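Inside the fold
Given next are the chains, with one letter for each unit.
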Amino acid sequence: SIIIAGEKIEENSIYSLGYLLRVNTSGDTFWSYAFGGSQNDRFYSVAAVNDGGCVMAGMTSSQGDPNGDVWLVRANSDGDIEWEKTFGGTNTESSRSVAKTNDGGYIIVGQTDSYGNGYNDAYLIKTDSEGNEQWYQTFGGNGTDHGRSVVQTSDQGYIISGYTDSFGGFGGFNFWLIKTDSDGHLDWHRSYGYAGDDKGFCGLQALDGGYIIAGYSNSTTNNSRDILIVKTDDLGNTDQ
């Protein structure tokens, strides 16, 4: 079966709820559930768990801080909530990607306005298997810096892909690739781009040990958006 997570606005409401849907391979619905409270709540990412359940990450304004906190929810195979956690400070936080880690916990990435430099820094959170925070790290400069995707790497560290206008100097937003060790400490970061906006949304480790980032660029075609893919070596270097 297939699990889909997102958001839903109920009839006669102006607020969104986190939405979870399980379908079979033909697209027929097994079940669907909406989660949340009286303010905006939404999921941006979902990861399967070995027992048939799943974990969802997103943003909630109904719990934690009303400006928005990172929201992590664990559901069983029937869609029932087993636990939920929030992370963040007094300003706005949101998560965009969650993945299982080799120790049975979870790694989450998004952005924070409360920590780091205090304005749209990438926000990396590691939890145990019950969603309890073990550590967090922030990455960014004086501009707008977003983490959009995170995966664990073969050396047990993490690779974050996203976009930044603090680093690179190519103009507008630039693709951004961050490599950390297993505790989230920065190993290195690189930016890639052209004269316009170049935003990375998904990154993976390639079979050769390097990395692949996918996103879009409006640098080359009169402000229309083209797909942009960047391939690097294991230190984030390209041939260009």
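Overview of the structure. On a predicted model such as this, the values are computed, not experimentally measured, just so you know.

Looking at a nonpolar patch on the surface
- Taken together, the side chains of I212, I227 and I229 define a hydrophobic patch exposed on the protein surface, amounting to about 320 Å² of accessible area.
- Relative to the assigned elements, I212 resides in strand β17 (residues 211–217).
- The partly exposed category is assigned to I212, whose relative accessible area is 35%.

Here we look at the sheet that holds strand β2 (residues 16–23)
- The strand order across the open sheet built from three strands is β1-β2-β3, with neighbouring strands paired in antiparallel fashion. Each having just a single partner strand, β1 (2–9) and β3 (29–35) make up the two edges of the open sheet. In this sheet, adjacent strand axes meet at a mean angle of 20 degrees when their direction is disregarded.
- In this structure, β1 lies alongside β2, joined through eight bridges in antiparallel fashion. Across the sheet, the residue bridging to I2 is V23, located in β2.

Structural notes on the nonpolar core
- Counting residues in each nonpolar core, the largest one holds 13 residues, and the members touching the most others are V55, L72, F87, V98 and I108.
- Those elements that provide at least two residues to this core are β5 (54–60), β6 (69–75), β7 (81–87), β9 (106–112) and β10 (121–127).
- Apart from residues no more than four positions distant in its own chain, F87 is found in contact with D69, V70, L72, E93, I108, Y123, I125, T127, G131 and E133.
- Of all hydrophobic cores here, the second largest spans 12 residues; its members include A99, I107, L124 and I178.

What counts as what
- Residues numbered from 1 in each chain as written.
- Predicted model: local features only at pLDDT ≥ 70, side-chain atom pairs only at ≥ 80, totals over all residues.
- Heavy atoms only, no water.
- Patch = residues over 30% accessible without salt bridge, like charges linked within 9 Å, V, L, I, M, F, W, Y side chains within 5 Å.
- Areas by Shrake-Rupley, 256 points an atom, 1.4 Å probe, with all protein chains shown as cover.
- Salt bridge = Lys/Arg side-chain N within 4 Å of Asp/Glu carboxyl O.
- Helix = DSSP H or I, 4+ residues; strand = E, 2+ residues; numbered from the N terminus.
- Buried < 20%, exposed > 50% of the residue type's maximum accessible area, 1.4 Å probe, protein only.
- Pairing = 2+ DSSP bridges.
- Axes fitted to C-alpha atoms, helices over the stretch in contact; angles between N-to-C directions.
- Core = buried A, V, L, I, M, F, W, Y, C linked by side-chain atoms within 4.5 Å.
- Contact = heavy atoms within 4.5 Å.

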